[in-house]
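Working through the structure, step by step
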Amino acid sequence: QLLGNQDQIKVELEKLKKTYDLQQQKLEERVITMGKELQEAKGAIGDTQHKLAEQSAVLLTSQSQLQEVEAENSRLQLRLKELNEEYRSRLAQYIKDVADYMDSKSSNVMGPSKAPADHAPMKHFVDSMLKDIRASYKSREEQLAGAARGYKKRMKNLVKKHENLLIAYGLQREQIRSLGSSAVDCGPAELHFSITDPELLTNTTRELNRLREDKAKLEMQLHELQKVVAGLSVGVKLGVVGRLDEEGWAQVRKQLREFAHTTQEDLEQERSQLLTRAIVAEEQVSELQEYIDKHLAR
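Note that the structure is predicted; figures quoted are calculated from it, not measured.

Take the overall build of the protein chain next. When you go through the protein chain residue by residue, the secondary structure sums to four helices and zero strands. Put simply, the protein chain runs from its N terminus to its C terminus through helices and strands in the order α-α-α-α. Within the protein chain, the proportion of its 298 residues that are buried is 14%. Taking the contacts inside the protein chain whose residues are at least 6 apart along the sequence as the reference set, 58% of them involve residues at least 24 apart. Surface summary for the protein chain: the accessible area is close to 24400 Å², and the carbon and sulfur share equals 58%.

Spelled out as structure tokens, the structure:
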């Protein structure tokens with residue numbers, strides 16, 4: 001029966017071959033289409049990166065100009081304060097001179113029989129007026145100083161909240177990375193959202209930024225290693241490198257995960273210690289500042 005059905009078997013084989021060729025052709029066309037789409041996507045990404053680089057350059061230039069303008073503004077404000085002080089002192093002296101002159105003229109007109117208590121009514125009036133002006137200036141200065149202290153405290157609280165958010169963000173990224181899916185985007189590193197304003201940076205914050213920078217470098221190295229491992233895996237599947245069992249690749253991936261996890265644990269432990277020291281130091285500074293504000297203001 002097998003020998004008698006060879007023609008039928010050949011026909012079936014031809015049908016299967018044609019079906020296979022058709023599917024292979026469709027698959028090749030699909031691969032070509034996906035390749036074109038990939039090239040278009042890469043081109044769009046390149047254009048976006050180019051625009052982002054241009055915007056970053058403009059942003060850096062604007063930040064530099066802003067710092068220069070802020071420095072110039074601070075210098076002008078200091079100069080304005082000095083001129084105001086000089087103007088106030090000169091104005092007070094002019095008023096005193098005018099009061100003395102008016103009192104001397106009035107005493108000469110009224111004669112020596114005038115009572116001594118009434119010799120200088122203008123001077124008393126000017127002294128009272130200057131005293132009220134000084135009191136109002138002092139009250140305003142104390143009000144502005146209190147507002148400045150409140151602003152600094154609010155900025156410190158915002159910086160603390162920002163650090164807590166960065167810590168939570170880092171933990172969330174690590175949880176996503178621990179899932180082992182390379183297709184999930186974990187978002188930019190914590191260093192991308194770190195505070196760079198020199199006035200808000202403390203020694204602890206600078207150390208944390210340095211640790212975040214080291215962590216970002218390690219993540220980049222780990223990403224490059226994962227790319228190499230993925231390339232080797234593709235090469236093994238295509239028969240370029242040779243055969244390697246799944247247990248070997250699982251062991252390599254396990255070692256990479258253990259290395260990344262150990263490094264991350266060390267960095268997180270060091271960061272938590274630095275944060276604890278920073279909180280204690282900030283509490284001591286707050287207590288000292290409060291003591292200075294209350295007891296040493298005069």
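Quick look at the packing of aromatic side chains now. Under the criterion given, the structure shown has zero aromatic pairs. For the cation-ring pair, Arg88 lies above Tyr137, with the distance from its terminal atom to the ring centre recorded as 3.7 Å.

Right, let's get into the UniProt feature "coiled-coil region" (unreviewed entry) in the protein chain. Following the UniProt record, the feature "coiled-coil region" (unreviewed entry) maps to residues 59-93 and 201-228 here. Measuring from the first to the last C-alpha atom of residues 59-93 gives 50 Å, for a span that is 100% helix and 0% strand.

Turning our eyes to something else, we now look at the pattern of salt bridges. Tallied over the full model, the rule gives four salt bridges. For Glu72, the salt bridge is made with Arg75, and the minimal N-O distance between the two is 2.3 Å. Linking Glu72 with Arg75, this pair stays in helix H1 (residues 6-110), spanning three residues, or about one helical turn. Taking the shortest distance from any N to any O, the salt bridge between Glu86 and Arg90 comes out at 2.7 Å. Highlighted residues: Glu86 and Arg90, both in helix H1, separated by four residues, approximately one helical turn. Exposure remark for Glu86: the relative accessible area of 34% places this residue in the partly exposed category. The class for Arg90 is partly exposed, based on a relative accessible area of 47%.

This part covers the side chain of Glu163. Within the fold, Glu163 resides in helix H2 (residues 121-178). Classification of Glu163 as buried rests on a relative accessible area of 7%. Beyond its immediate stretch of four places on either side in the chain, Glu163 contacts Thr205, Leu208 and Arg212.

What follows covers a nonpolar patch on the surface. A cluster of nonpolar side chains, contributed by Val98, Tyr101, Met102, Met122 and Phe125, occupies part of the molecular surface with about 500 Å² of accessible area. Broken down by secondary-structure element, the contributors of at least two residues to the nonpolar patch are H1 and H2. Looking at the nonpolar patch, the element that brings in the most residues is H1, giving three residues.

Right, let's get into the environment of Asn203. Examined against the element boundaries, Asn203 turns out to sit in helix H3 (residues 203-237). When its relative accessible area of 64% is taken as the criterion, Asn203 is described as exposed. Along the sequence, Asn203 and Ala278 sit 75 residues apart, while their C-alpha atoms lie 8.7 Å from each other.

In a regular helix each residue adds 1.5 Å, so 58 residues correspond to 86 Å; H2 covers 85 Å between its end C-alpha atoms and thus fits that length. Here H2 has its buried residues at Val126, Leu130, Val159, Glu163, Leu166, Ile167, Tyr169, Gly170 and Arg173.

In this model, the protein chain carries a mean pLDDT of 78, and residues with pLDDT of at least 70 account for 83%. Confidence, read as mean pLDDT per element, is least for H3 in the protein chain (72) and greatest for H1 (86). For the stretch residues 240-244, pLDDT sits under 50, and the model shows seven contacts to residues farther than four places along the chain or on other chains.

Time to look at the nonpolar core. Counting residues in each nonpolar core, the largest one holds six residues, listed as Ile167, Leu208, Leu211, Leu267, Leu274 and Leu275. When residues of this core are traced back to their parent elements, those giving at least two are H3 and helix H4 (246-295). Ignoring anything within four residues of it in the chain, the contact list for Leu274 reads Thr204, Glu207, Leu208 and Leu211.

About the cut-offs
Residues numbered from 1 in each chain as written. Predicted model: local features only at pLDDT ≥ 70, side-chain atom pairs only at ≥ 80, totals over all residues. Heavy atoms only, no water. Helix = DSSP H or I, 4+ residues; strand = E, 2+ residues; numbered from the N terminus. Buried < 20%, exposed > 50% of the residue type's maximum accessible area, 1.4 Å probe, protein only. Contact = heavy atoms within 4.5 Å. Areas by Shrake-Rupley, 256 points an atom, 1.4 Å probe, with all protein chains shown as cover. Phe/Tyr/Trp six-rings, centres within 6.5 Å; stacked < 30°, edge-to-face > 60°. Lys NZ or Arg CZ within 6 Å of the ring centre and 35° of its normal. UniProt positions renumbered as here; feature names shortened; annotations may be inferred. Salt bridge = Lys/Arg side-chain N within 4 Å of Asp/Glu carboxyl O. Patch = residues over 30% accessible without salt bridge, like charges linked within 9 Å, V, L, I, M, F, W, Y side chains within 5 Å. Expected span 1.5 Å × (residues − 1). pLDDT = per-residue confidence, 0-100. Core = buried A, V, L, I, M, F, W, Y, C linked by side-chain atoms within 4.5 Å.

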